[in-house]
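Structural characterization, general
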Amino acid sequence: MMQRTILPVLSIALFSLPALAAETALLDALDASRIVAISDGDFVSSTYSDGALAPEGAGYRDLLTVLTRGSEGWTRAEVEISNSVTAAPEILVLDPSGRWAFVAERLEGRTANASVAADLAPGSRVLAIDLSDPFTPRLAFETRVMDLPDALALSPDGRFLAVVGGTGANARIDILPFGAAGFGTPQQFPLGGLGLDDVAGPLSATNVHWHPRGDRLAVNLNRQNRVALLSFSEVEGLRLVGTPEMVGTDPFVGRFSADGRYYFTSDWGRNFEATSLEARLPDRPSTLSVLSVGQDGLSNLGSVDSGESAEGLAVSPAGGLVATVNMDGTVLAGDRFSRHATVALFQLDDTGGLNRLGLYPLEGVLPEGGSFDASGRHFLATVFEGHDGAEPGKGAGLEVFAVTPESGHGSALKPLGRIPMPHGVHHVVIHP
């Protein structure tokens, strides 16, 4: 089942070079020892509407980018790792030590004759990348899971990966042990067998997230507009806790609060019956739902509007701030086109209520993933690609915002600049 592979590092650069002074200043401001981002080189933004993959001559590749703070500044290394933007942003996680990055491969990389998205074979791997040497990250282990894995999450102690994917009778959760010798024997749990197939609507899961205690997981059943809470033990495996809770339409991703009292879902609101991209993407704001996490299950406390086509979701380490990354109309044409996406920022109160603090513009196409730094004083949002003719500094990259106090209004986001990234960047994770 396991296979050991080593890939060459594709490029290395020191961020202390004068030409990269602006990027160095942005990185130095962050509370982070390591920043890892994943990029899809097969898709361009127009692939979603016309199906055509990136031009072969563009030179784009599926890449994992690793930025590491050291005694002499920042190092940057990139290694080719198969991945796909068609999954939720949550295909990338770091272990608690920052040594290991894990990536779920939803679609395999393009072959020589591939020209359209339909030519890409389903992926079925989870990949473990060793980051112990910041100059030479390497693919060390891989294992097979279900076809089309949509998301993964790592237990707080770093011992178990949970992976969700598949649809209908093939929808399941895999629990993968991981240790010094790599992946252990997986446990496989069909979603139907967990009691999650008793309502109308296709069975699929697009997100899984571990409770901070490590004994429970939440799973987003986005086609059923529900979230399930599952208990986990090494002996008994997974068990449904209570009844899955209804939320907004299409809860694509989710996160627990830092203290585990609440679970948030970003409810994208897509129309899965539509046959065109314009009809599929909603023309109204997505919603952000808040669930109370109790001993006996989940309870919906309500929802608020976030931004149009909200996909990414992040919760600050202290748990008080929540942000969504909203694509808006950046991938659409005509009257619905927007040059700017947005980031929505919310404050969580003591009762589980959310107050939207602001909606902040973000120039670029298809921003998806986002993450707060270790102190919660900065927020990073991924930008998949720049618009045609974009000014320098407005292409693919990590947009950096400062989280600043604002008199009478809690916090606000102040744009600081963009760290350039390979084409197709769609998620970012940060290690303290």
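Residues numbered from 1 in each chain as written. Predicted model: local features only at pLDDT ≥ 70, side-chain atom pairs only at ≥ 80, totals over all residues. Heavy atoms only, no water.

1. Topic: the sheet that holds strand E18 (residues 251-256)
We apply this condition: DSSP calls a pair of strands paired once it identifies at least 2 bridges connecting them. Segments assigned H or I by DSSP are reported as helices when at least four residues long, segments assigned E as strands when at least two residues long, and all are numbered from the N terminus. For helices, the axis comes from a line fit to the C-alpha atoms of the stretch in contact; other axes are also lines fit to C-alpha atoms, and the angle between any two N-to-C directions lies between 0 and 180 degrees.
Pairing within the open sheet is antiparallel, and its four strands lie in the order E18-E19-E20-E21. Here the strands that pair on one side only, and so sit at the sheet edges, are E18 and strand E21 (297-308). Shown here is a sheet whose adjacent strand axes are inclined to one another by a mean of 20 degrees, direction ignored. Taken together, the six bridges between strand E19 (residues 262-267) and strand E20 (residues 285-294) define a ladder with antiparallel strand orientation. If you follow serine 266 over to E20, its bridge partner there is leucine 288.

2. Structural notes on the sheet that holds strand E16 (residues 226-233)
Strands sit in the order E14-E15-E16-E17 across an open sheet of four strands; the sheet is antiparallel. Of all strands in the sheet, those with a lone pairing partner are strand E14 (207-210) and strand E17 (237-246), marking the two edges. Neighbour-to-neighbour, the strand axes of this sheet turn through a mean angle of 20 degrees, independent of strand direction. The pairing of strand E15 (residues 216-221) with E16 spans six bridges and is antiparallel. Across the sheet, the residue bridging to valine 219 is alanine 228, located in E16.

3. Points about the confidence of the model for the chain
Let me state the cut-off plainly: A score between 0 and 100, pLDDT records how confident the predictor is in each residue. Two residues form a contact once any of their heavy atoms are found within 4.5 Å.
On average, residues of the chain score 93 in pLDDT, and 95% of them are at 70 or above. Ignoring residues within four places in sequence, the model shows residues 1-19, a span with pLDDT below 50, making 55 contacts including any to other chains.

4. With respect to helix H1 (residues 21-29)
Rule in force here: Accessible area is worked out with a 1.4 Å probe on protein chains only. A residue is then buried under 20% of its type maximum, exposed over 50%, and partly exposed in between. What the arc measures is the spread of directions leading from the helix axis to the C-beta atoms.
Restricting attention to buried positions, one finds in H1 the residues Glu23, Thr24, Leu26 and Leu27. All buried residues of H1 lie within an arc of 160 degrees about the axis, which places them on one face of the element.

5. Some words on the environment of threonine 382
The criterion, for reference: Definition of a polar contact: a pair of N or O atoms within 3.5 Å, with one able to donate and the other able to accept a hydrogen when the atoms are protein atoms, and with sequence-neighbouring residues admitted only if both atoms are side-chain atoms.
With respect to the helices, strands and loops of the structure, threonine 382 is situated in strand E27 (residues 378-383). With relative accessibility at 0%, the residue threonine 382 sits in the buried group. Separated by 303 residues in sequence, threonine 382 and valine 79 place their C-alpha atoms 18 Å apart. If we ignore the near neighbours within four places in the chain, the residues touching threonine 382 are Pro367, Glu368, Gly369, Gly397, Leu398, Val425, His426, His427 and Val428. Within the structure, the side chain of threonine 382 is placed 3.5 Å from the backbone nitrogen of glutamate 368, a separation counted as a polar contact.

6. Observations regarding the environment of proline 251
Positionally, proline 251 belongs in strand E18. Between the C-alpha atoms of proline 251 and proline 361, which are 110 residues apart in sequence, the distance is 23 Å. Residues in contact with proline 251, not counting those within four places in the same chain, are Thr206, Asn220, Leu221, Asn222, Asn225, Arg226, Thr265, Ser266 and Asp267.

7. A short note on the pattern of salt bridges
Which entries qualify depends on this criterion: Think of a salt bridge as a Lys or Arg side-chain nitrogen and an Asp or Glu carboxyl oxygen that are within 4 Å of each other.
Under the definition given, this model contains 17 salt bridges. In this structure, the salt-bridge partner of arginine 255 is glutamate 90, at a minimum N-O distance of 2.9 Å. A residue pair is termed long-range when its members are at least 10 positions apart, and arginine 255 in strand E18 and glutamate 90 in the loop between strand E4 (73-80) and strand E5 (92-94) qualify at 165 residues. A single burial state applies to arginine 255 and to glutamate 90, both of which are buried. Here aspartate 174 and arginine 172 are joined by a salt bridge, their closest N and O atoms 2.6 Å apart. By relative accessible area, which is 0% here, aspartate 174 ends up buried.

8. Observations regarding the pairing of strand E10 (residues 160-165)
Look at any regular strand and the pattern is simple: side chains alternate between the two faces of the sheet. Most of E10 is tucked away: six of the six residues are buried. Alternating residues of E10 divide into Phe160, Ala162 and Val164 and Leu161, Val163 and Gly165, and every residue in both groups is buried. Note that strand E9 (residues 149-154) and E10 share five bridges and pair antiparallel. Each bridged residue has a counterpart across the sheet, and for alanine 153 the counterpart in E10 is alanine 162. The pairing of E10 with strand E11 (residues 172-179) spans six bridges and is antiparallel. Bridging from a neighbouring strand, leucine 161 pairs with leucine 176 of E11.

9. Description of unusual backbone geometry
At leucine 148, a residue that is not glycine, the phi angle is positive and equals roughly 60 degrees. Counting through the fold element by element, leucine 148 comes out in the loop between strand E8 (138-144) and E9. A residue is classified by how much of its surface remains accessible, and leucine 148, at 28% relative accessible area, is partly exposed. Of note in this structure, aspartate 250 is not a glycine but carries a positive phi near 65 degrees. Among the secondary structure elements, aspartate 250 is positioned in the loop between E17 and E18.

10. Focus: the side chain of glutamate 368
This is how the line gets drawn: In summary, the charge assignment counts Lys and Arg as positive and Asp and Glu as negative, without counting His or the chain termini.
When you line up the elements, glutamate 368 lands in the loop between strand E25 (354-363) and strand E26 (370-372). This buried residue, glutamate 368, is left without a salt bridge; arginine 270 holds the nearest opposite charge, at 8.9 Å. Those residues in contact with glutamate 368, other than ones at most four positions away along the chain, are Tyr48, Val85, Pro89, Glu311, Gly312, Val325, Met327, Thr382 and His426.

11. Considering the pairing of strand E24 (residues 340-348)
Most of E24 is tucked away: seven of the nine residues are buried. In this sheet, E24 lies alongside strand E23 (residues 321-326) in antiparallel orientation, the contact comprising six bridges. Along E24, the bridge assignment pairs alanine 323 with leucine 345. Where E24 and E25 come together, nine bridges link them in antiparallel fashion. When the bridges of E25 are listed, threonine 342 appears paired with proline 361. From the end of E24 to the start of E25, which pair antiparallel, there are five residues, and glycine 352 there has a positive phi angle of about 90 degrees.

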